[in-house]
Amino acid sequence: MASKVTRPLWMGLPKWYTRLAKAIALTIVVSIVVFPFWTIVATSIASPNEVIENGGWVIWPSAVDLTAYTSIFKGEVITRALLISGGVTVLGTATSLVATIALAYALARPGVFGGKPVLLLVLFTFLFPPAMIPSFLVVKELGLLNSFPALVLPVLINVFNLVIMRGFFQGVPTELIEAARLDGAGEFRILTRVVLPLSKSIVAVVGLFYAVSYWNAFFNAVIYMDAHNYPVQAVLRQYVTQGAALSDLGNAEASILNSPQSVKMAVVVIATLPIMLIYPFVQRFFVKGVLTGAIKS
Amino acid sequence: MTVTAASTGGTPAPDAAPGDPPVPEPRAPKVKPKRTRAQRLRRDLFLVGLMLPGVIYFVVFHYGALFGNLIAFKDYVTFIGVWDSAWVGIDNFTVLLGDPDFWNAAGNTVVIALLQLVFFFPAPLALALLLNSLVGDKIRRFVQSVVYLPHFISWVIVVALFNQVLGDVGVLNGILDDNGLSTIDIIGNPDAFKPLVVVQVIWKEAGWGTIIFLAALANVDEQLYEASAIDGAGWWRRLWHVTLPAIRPVIVLLLILRLGDILTVGFEQFFLQRDAVGPEVGEVLDTFIYWSGIQDGHFGVAAAAGLMKGVLGVALVYTANKISHRLGEQGVYR
């Protein structure tokens with residue numbers, strides 16, 4: 001019963017070969033996405049010797065061996081980078097969310113003082129996103145080079161997120177706001193007690209978008225920060241794609257192991273893990289969030 | 001308390017009516033046509049306060065940067081600063097246009113952009129059609145959550161994954177080698193670079209790109225399908241005569257947006273892989289700006305390149321929008 005979704009009559013019954021072709025196509029698509037993740041996890045949890053014997057990769061480890069992970073956490077480089085990434089992600093997401101909610105809420109109220117010019121000011125930046133060199137100079141002139149605010153302030157509000165959020169707030173029934181006001185609620189109470197509780201889904205989606213972009217960011221760190229203040233993605237770049245050894249980066253413990261490949265893959269897994277962990281929880285909100293935004297803009 | 005005063009908002013007439021009458025209004029005058037600016041400001045003080053941090057952010061980091069484009073017309077010297085550096089007119093542009101490295105980067109950008117347009121742009125549409133043809137909800141949701149995932153993975157990790165699977169000591173070549181076959185040189189091979197970066201962007205973003213097409217497909221009128229099926233149209237004819245015309249506005253819209261962004265082929269992707277294949281094939285406009293500006297210190301020239309890229313992008317969107325209007329499409333509205 002549950003699996004049989006109503007199939008319109010005009011569609012007719014599918015031919016066996018179309019069903020087979022679709023099944024094959026879907027299997028290929030899913031495997032192409034999943035396989036790379038599978039092999040990095042497998043390589044990271046295989047014993048270092050097995051990885052070496054097999055030439056640098058494993059698809060099915062014969063036994064689970066977490067040496068690669070323990071060696072990473074014994075050294076300082078990755079641990080410090082993870083702390084930096086975590087801190088920037090948590091504080092950055094919180095700051096960005098507050099700033100975005102505040103501006104979006106004010107701009108969603110009809111006839112607010114200064115609403116129209118501010119909205120124009122914001123939407124114009126869609127047309128001319130800040131270019132790399134002038135942005136760098138702004139950060140530099142503000143004296144933010146090699147300070148952690150440089151990783152947050154220049155990307156504080158994302159216009160797309162702002163537009164999605166504003167669109168959602170506009171959909172909150174004015175009757176509710178009016179009723180709250182008649183009950184004597186001030187603007188702050190209306191926002192925190194009436195509007196925000198109704199907007200949990202959009203706050204979750206926008207929060208996820210911010211968190212992911214803070215966690216994944218590496219380029220701003222590369223241009224604004226000194227190497228010892230790099231977040232994990234920037235370290236990963238040096239280590240995995242530029243081929244620097246962890247020992248060069250000051251991680252003595254990991255370099256003792258003679259299979260850098262399993263350690264590398266363990267770092268990749270660690271840098272991916274937070275996203276994998278929150279993804280299932282917020283995933284169901286995406287479509288709604290992205291679409292309201294897309295329609296409004 | 002300015003109960004009614006606040007509820008009437010900027011346009012006094014329409015809002016005041018519903019539900020209000022029974023509430024006694026002791027002092028507030030019932031009809032007060034126009035508020036002065038100062039009164040509106042006082043009324044909205046809290047909301048204006050909410051706007052303030054955001055406005056400061058946009059002014060400093062967006063308009064400040066926009067203003068900073070002026071150094072494209074200056075000889076920027078780091079320790080003198082943006083303000084006091086000397087004006088040099090269009091010298092930076094002449095230097096830029098005489099630089100073969102710039103033209104190499106521009107050429108690579110255009111070739112990669114065209115490859116993306118031909119191979120990457122239709123990929124989400126094809127995937128969306130496949131997903132849309134699934135009647136079973138469970139399989140469809142499962143596939144969707146799998147294919148959205150790579151969108152959330154950073155480029156650093158995507159490059160690491162590709163190296164691990166396709167690199168010369170990666171899984172693919174390992175398997176080929178174990179079976180006595182000859183290995184394929186993909187990662188770090190300049191000839192394979194351009195196809196590789198297109199495959200990477202398809203892997204990362206095609207799934208996410210289906211969202212907007214799936215929404216458009218869900219809005220196609222069922223009755224059209226039914227009628228055409230009764231008239232004997234098969235799957236292909238329904239696709240060609242019903243589905244594609246119905247979602248054409250969305251396709252055109254995305255195409256225009258893509259055109260405006262065409263000179264941006266994806267900075268991080270190229271920043272990460274340029275050194276593996278060398279600037280000859282791996283340099284695009286954005287990486288050129290980075291290396292000549294922030295690495296080599298030619299800020300004025302790099303800013304000139306960035307400014308030209310930005311202006312060209314706006315011009316492209318404008319033109320594409322005009323053309324789509326001519327063809328009777330809605331376009332983007334700007």
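Residues numbered from 1 in each chain as written. Chains lettered and ligands numbered in written order. Predicted model: local features only at pLDDT ≥ 70, side-chain atom pairs only at ≥ 80, totals over all residues. Heavy atoms only, no water.

Check the secondary structure of chain B and you find 17 helices and two strands. Relative to its 334 residues, chain B shows a buried fraction of 48%. Counting contacts in chain B only where the partners sit at least 6 residues apart, residues at least 24 apart contribute 64% of the total. Accessible area for chain B stands at about 17,200 Å²; split by element, carbon and sulfur atoms hold 65% of it. (Helix = DSSP H or I, 4+ residues; strand = E, 2+ residues; numbered from the N terminus. Buried < 20%, exposed > 50% of the residue type's maximum accessible area, 1.4 Å probe, protein only. Contact = heavy atoms within 4.5 Å. Areas by Shrake-Rupley, 256 points an atom, 1.4 Å probe, with all protein chains shown as cover.)

The subject of this paragraph is the overall build of chain A. Assigned secondary structure in chain A consists of 15 helices and zero strands. Going through the 297 residues of chain A one by one, you find that 50% of them count as buried. When the accessible surface of chain A is split by element, carbon and sulfur atoms take 68% of a total near 14,100 Å².

Helix length check: helix 14 (residues 260-282) of chain A (23 residues) gives 34 Å between terminal C-alpha atoms against 33 Å at 1.5 Å per residue, within 8%. Taken as a whole, helix 14 of chain A carries its principal kink of about 40° at Thr272(A); the proline Pro274(A) stands between one and four residues after it. (Expected span 1.5 Å × (residues − 1). Bend = angle between axes of the 7 residues up to and from the residue.)

Residue-level pLDDT values for chain A average 85, and 86% of them are 70 or greater. The least confident element of chain A is helix 13 (residues 252-256) of chain A, whose mean pLDDT is 48; the most confident is helix 4 (residues 77-108) of chain A, at 95. (pLDDT = per-residue confidence, 0-100.)

With that out of the way, let us pick up the interface of chain A and chain B. The interface is formed by 96 residues belonging to chain A together with 91 residues belonging to chain B. Where chain A packs against chain B, one counts zero salt bridges. For the pair chain A and chain B, the number of links is 15 residue pairs in polar contact (both at pLDDT 80 or more). Counting residues per element, the side of chain A that touches chain B draws most heavily on helix 1 (residues 16-45) of chain A, which supplies 14 residues. (Salt bridge = Lys/Arg side-chain N within 4 Å of Asp/Glu carboxyl O. Polar contact = N/O pair within 3.5 Å; in protein donor to acceptor, adjacent residues only side chain to side chain.)

Turning next to helix 17 (residues 299-326) of chain B. The first and last C-alpha atoms of helix 17 of chain B sit 41 Å apart over 28 residues, in line with the 40 Å expected at 1.5 Å per residue. Immediately downstream of helix 17 of chain B, the backbone of Gly328(B) shows phi near 80°, a positive value.

Attention now goes to the nonpolar core. Formed by 178 residues in total, the largest nonpolar core has its most connected members in Leu103(A), Ile133(A), Ile157(A) and Tyr290(B). Residues within four places of Leu103(A) in sequence aside, it is in contact with Val118(A), Val122(A), Ile157(A), Leu162(A), Leu50(B), Met51(B), Gly54(B) and Phe58(B). (Core = buried A, V, L, I, M, F, W, Y, C linked by side-chain atoms within 4.5 Å.)

What follows deals with the UniProt feature "transmembrane region" (unreviewed entry) in chain B. Per the UniProt record, "transmembrane region" (unreviewed entry) is found at residues 45-65, 110-134, 146-166 and 246-267 of chain B. Summarising residues 110-134 of chain B: 88% helix, 0% strand, and an end-to-end C-alpha distance of 37 Å. (UniProt positions renumbered as here; feature names shortened; annotations may be inferred.)

All right, on to the pattern of salt bridges then. Applying the stated criterion across every chain yields a total of nine salt bridges over all chains. Linking Lys204(B) and Glu205(B) is a salt bridge whose minimum nitrogen-to-oxygen distance equals 3.2 Å. Glu205(B) shares its class with Lys204(B); the two are buried. Each of Arg109(A), Glu178(A), Arg181(A) and Glu187(A) takes part in salt bridges that share partners, so that together they form one network.

A word on the UniProt feature "transmembrane region" (unreviewed entry) in chain A. Residues and elements named next belong to chain A. The UniProt feature table records "transmembrane region" (unreviewed entry) at residues 20-41, 81-106, 118-139, 151-169 and 265-282. Its end C-alpha atoms 31 Å apart, residues 20-41 is made of 100% helix and 0% strand. End C-alpha to end C-alpha, residues 81-106 measures 37 Å, and it is 100% helix and 0% strand.

Residue placement: Thr287(B) occurs in helix 16 (residues 285-295). A polar contact of 2.9 Å, which involves the side chain of Thr287(B), links it to the backbone oxygen of Val284(B).

Turning next to empty space enclosed by the protein. All names here are of chain A. With the rule as written, the count across this model stands at two cavities of 30 Å³ or more. Every element with two or more residues in the lining of the largest cavity is listed here: helix 4 and helix 10 (200-216). A breakdown of the residues in the lining of the largest cavity according to their chemical character gives six nonpolar, two polar and no charged. (1 Å grid on protein atoms, 1.4 Å probe; cavity = no way out; pocket = protein on both sides within 12 Å on 5 of 7 lines; lining within 4 Å. Points joined across faces, edges and corners; volume = space filled by probe spheres on them. Nonpolar A, V, L, I, M, F, W, Y, C, P; charged D, E, K, R; others polar.)

Taken as a whole, this structure holds 30 aromatic pairs over all chains when the rule is applied. With a centroid separation of 5.1 Å and an interplanar angle of 75°, the aromatic rings of Phe219(A) and Phe271(B) are classed as edge-to-face. Taken together, the positions of Phe219(A) in helix 11 (residues 219-224) and Phe271(B) in helix 14 (residues 267-277) put the pair across two chains. Phe271(B) matches Phe219(A) in its accessibility class, with the two residues each being buried. The interplanar angle of 70° and the centroid separation of 5.2 Å between the aromatic rings of Phe102(B) and Trp103(B) together place this pair among those described as edge-to-face. Here Lys74(B) stacks its cationic end above the ring of Trp87(B), 4.7 Å away from the centre of that ring. The ring of Trp291(B) has Arg274(B) lying over it, and the distance from NZ or CZ to the ring centre is 3.8 Å. (Phe/Tyr/Trp six-rings, centres within 6.5 Å; stacked < 30°, edge-to-face > 60°. Lys NZ or Arg CZ within 6 Å of the ring centre and 35° of its normal.)

The next subject is the packing of helix 9 (residues 155-166) of chain B against helix 14 of chain B. Residues and elements named next belong to chain B. Viewed as axis vectors pointing N to C, helix 9 and helix 14 meet at an angle of 50°, and their least axial separation amounts to 9 Å. Classified by the interaxial angle, the pair formed by helix 9 and helix 14 is oblique. Of the two possible hands of crossing, helix 9 and helix 14 adopt the one that is right-handed. Touching Trp155, Val156 and Val159 of helix 9 are Glu268, Gln269, Leu272 and Gln273, all from helix 14. Looking at the contact of helix 9 with helix 14, its residues break down into four nonpolar, two polar and one charged. (Axes fitted to C-alpha atoms, helices over the stretch in contact; angles between N-to-C directions. Parallel < 35°, antiparallel > 145°, perpendicular 65-115°, else oblique. Left-handed = near helix turned anticlockwise from the far one by under 90°.)

Moving on, we get to the packing of helix 7 (residues 122-132) of chain B against helix 11 (residues 190-218) of chain B. Residues and elements named next belong to chain B. Where helix 7 meets helix 11, the axes come as close as 7 Å, and the angle between the chain directions of the two elements is 55°. When the axes of helix 7 and helix 11 are compared, the pair comes out oblique. Of the two elements, helix 7 crosses helix 11, and the hand of that crossing is right-handed. Every residue of helix 11 that contacts helix 7 at Ala123, Pro124, Leu125, Leu127, Ala128, Leu129, Leu131 and Asn132 is listed here: Ile202, Ala206, Gly207, Gly209, Thr210, Phe213, Leu214 and Leu217.

Here the focus is the confidence of the model for chain B. Of the residues in chain B, 89% reach a pLDDT of 70 or more, and the chain-wide mean stands at 84. The low-confidence segment residues 1-23 of chain B, where pLDDT is below 50, has 22 contacts with residues more than four positions distant or belonging to other chains.

Residues and elements named next belong to chain B. With respect to the secondary-structure elements, Ala315 resides in helix 17. The exposure class assigned to Ala315 is partly exposed, which follows from its relative accessible area of 36%. Taking the C-alpha atoms as reference, Ala315 lies 7.7 Å from Gly260; in sequence the two are 55 residues apart.

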